[in-house]
Amino acid sequence: MSANEQTLSPRLWTEDGFCENTWMRSEEGAALPETGNVILPLAAFLALDPAVREAALPRLGVEVLPGEGIEDLLPFLDRLPLIALVFPAFNDGRSYSKAELLRARHAYRGDLRATGDVLIDQIAHMLRCGFSSFEIVHPTTLARLEAGERGGIPLHYQPAAAAAQPGNYAWRRLAG
């Protein structure tokens, strides 16, 4: 991510287009605001007093870095409204695997957000893995999304967390 991109405020995009981000970030849970939606780093979320965490859970989101596991979140998935998976660089795909696990294996139904170095070429793949919202700072990605472009290839070799449209599999997948 360039220095210019780091100074830009991220814009939130979903399949319905750009929308207002109602979530704020906090680095620690010790001073949770009384109201409003807050995204905490995984360690801060887990360090919260259990009673405080339980009371605030409907308005808490958790940010998970690529090197962090999701196992500690499993007991909260049915009540956790947002999980933000970080892409620190376009070539770090560990968060794709976490998204697929959360959606397919653990049936997470909340907002699954991609943050960090999210590029237009990744959007279609991220949607297939189950991401539902994206924090975008990359200028080219912003411009192409504003123009209604999503990027991606219309044919797929494998099933994914998001259902494919009929006929979207390559001939090799259909031949079996």
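Conventions we followed
Residues numbered from 1 in each chain as written. Predicted model: local features only at pLDDT ≥ 70, side-chain atom pairs only at ≥ 80, totals over all residues. Heavy atoms only, no water. Pairing = 2+ DSSP bridges. Helix = DSSP H or I, 4+ residues; strand = E, 2+ residues; numbered from the N terminus. Axes fitted to C-alpha atoms, helices over the stretch in contact; angles between N-to-C directions. Buried < 20%, exposed > 50% of the residue type's maximum accessible area, 1.4 Å probe, protein only. Contact = heavy atoms within 4.5 Å.

## Digging into the sheet that holds strand β1 (residues 11–14)
Line of reasoning, step 1. Here eight strands make up an open sheet; going across it, the order is β2-β1-β8-β7-β6-β5-β4-β3 and the pairing mixed. Two strands lie at the open edges of the sheet, namely β2 (17–19) and β3 (23–25), each paired on one side alone. Adjacent strand axes in the sheet meet at a mean angle of 30°, parallel and antiparallel pairs treated alike.
Line of reasoning, step 2. Pairing geometry for strand β6 (residues 82–87) and strand β7 (residues 111–116), over six bridges, is parallel. Bridging across to β7, Leu85 finds its partner in Ala114.

## Regarding helix α5 (residues 120–129)
Line of reasoning, step 1. Taking burial as the measure, the ten residues of α5 include eight buried ones, the bulk of the element.
Line of reasoning, step 2. Every buried residue of α5 is accounted for by Ile120, Gln122, Ile123, Ala124, Met126, Leu127, Arg128 and Cys129.
Line of reasoning, step 3. Elements that come into contact with the buried residues of α5 comprise β1, β6, α4 (94–105), β7, β8 (133–136) and α6 (139–146).
Line of reasoning, step 4. Count one or two residues on from α5 and you reach Gly130, which has phi positive near 110°.

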